[in-house]
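A look at the structure
Residues per chain are reported as follows:
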Amino acid sequence: MSVTVSADDIKRVKGLGFLQQKGTDTFNARVLTRNGKITTKEAMLVAEAADQYGNGEMAFTTRQTIEVQGIHYDNIPAFTAAIEAGGLLVGGTGPKVRPIVSCKGTTCQYGLYDTYGLSEKIHERFYIGYHGVKLPHKFKIATGGCPNNCVKPDLNDVGIIGQKVPKFDAEKCRSCKVCVVAKVCPMKAASKAEGEKLTYDKEKCINCGRCLYMAKCPFGAMTEEVTGYKVTLGGRWGKKVGQGTPMSKIFTSEEEVLDTVEKIILFFKDQGVAGERLADTVARVGFEKAEAMILSNELLERKAEILAKE
């Protein structure tokens, strides 16, 4: 099958969320979910549009979007209208904030915060709100409810990971024969030898909180110090793979996290060079300097100036 669509039009519709099937005039449309969640009514709408305008096949991307396959170039406007009529969006491409990925921490037994709630706020404020902002490269955000890291948040440009930081008081330990805290610790950060008191290695602890909500010391030797969010910078997955570096503080409110995400985006827009990922920008600037800039309010104060940059 020959290609009759021009290179300019192929590029144009890619920016709208339609990726060409190689060697054809047909395209795959990326339909956004709410960070992995969709209603049955919306699912039926997408299926009907896939049957009417595509080849009846759908796939799911790593960023939790639905990819409707086999849409002829001429059917792109009608498909878009059908999807938008049901309150859904097509998109998720280009050098900008990409669709947000979330685990099911809202309902999962290990989840330490409302991941769907936070990811939806991030989607509205940064995927929608920053949709017209061109960045040096694609920018991926993931929200993970706990250190199980099911959606690999630290392999995104920005990862948000739920944290429940314990506080150990050795004076309150009664050297119980069976220690419930040591029993549930998956990292063996809390351990106990027979006849001895509990020992706690903070370096091994990942702040999963299981010692606080799955088993509770009856004498208060292990209590909660803070519940919050760890934010990682500069993770990526692809030709180059790297884990994000955790920032030096635990953030304790959604608003603090949202403001921090905005400052990271502004930092990337301000300091990044076209074609480089956030990891490269942070490495070039230096992590300590980058973090100091992000933790200050200077980037937000310069927001209008930064966003006005070409």
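Look above for the structure.
Below you will find a few notes about this structure.

Conventions adopted
Each chain has its residues counted from 1, running along the sequence as written. The model is predicted, so local features are restricted to residues of pLDDT at least 70 and side-chain atom pairs to those at 80 or more, both for listing and for counting; the totals for chains, interfaces and linings are taken over all residues. Excluding hydrogens and water, the side-chain figures rest on all heavy atoms present in the structure. In this description a helix means any DSSP run of H or I spanning at least four residues, a strand means any run of E spanning at least two, and both kinds are numbered starting from the N terminus. A 1.4 Å probe rolled over the protein chains alone gives each residue an accessible area, and that area as a share of the maximum for its type sets the label: buried under 20%, exposed over 50%, partly exposed in between. Working rule for contacts: check all heavy atoms of both residues, and any pair within 4.5 Å makes them a contact. Accessible surface is estimated by sampling points in the Shrake-Rupley manner with a 1.4 Å probe; for residues, cover comes only from the protein chains shown. Axes here refer to lines fitted to C-alpha atoms; in helices the fit is confined to the stretch in contact. Angles between the N-to-C directions go from 0 to 180 degrees. Convention used here: angles under 35 degrees read as roughly parallel, angles over 145 as roughly antiparallel, angles from 65 to 115 as roughly perpendicular, and any remaining angle as oblique. Each helix crossing is assigned a hand: it is left-handed if the near helix lies turned anticlockwise from the far helix by less than a right angle, otherwise right-handed if that turn is clockwise. In this analysis, strands are considered paired if DSSP registers two or more bridges between them.

Here we look at the overall build of the protein chain
The number of helices and strands found in the protein chain is 11 helices and 11 strands. A total of 310 residues make up the protein chain; the buried ones form 47% of that total. Residue pairs in contact within the protein chain that sit at least 24 positions apart in sequence constitute 65% of those at least 6 positions apart. By element, 52% of the accessible surface of the protein chain is carried by carbon and sulfur atoms, the whole surface being about 15500 Å².

Description of the packing of helix α4 (residues 115-128) against helix α7 (residues 254-271)
Put simply, α4 and α7 touch, their axes get as near as 11 Å, and they point 40° apart. By the angle between their directions, the pair α4 and α7 is classed as oblique. Crossing handedness for the pair α4 and α7: right-handed. Contacts from Leu118, Lys121, Ile122, Arg125 and Phe126 of α4 reach α7 at Glu254, Glu255, Val257, Leu258, Asp259, Val261, Glu262 and Ile265.

Focus on the sheet that holds strand β3 (residues 58-60)
Ordered in space as β1-β2-β4-β3, the four strands form an open sheet in which the pairing is antiparallel. The open sheet has two edge strands, β1 (18-20) and β3, and neither has a second partner. Each strand axis lies, on average, 30° off the axis of its neighbour in the sheet, ignoring direction. Direction of pairing for β1 relative to strand β2 (residues 26-31): antiparallel, over a ladder of three bridges. Across the sheet, the residue bridging to Phe18 is Ala29, located in β2. Relative to strand β4 (residues 66-72), helix α2 (residues 40-53) is tilted by about 20°, and along the sheet it contacts β2, β3 and β4.

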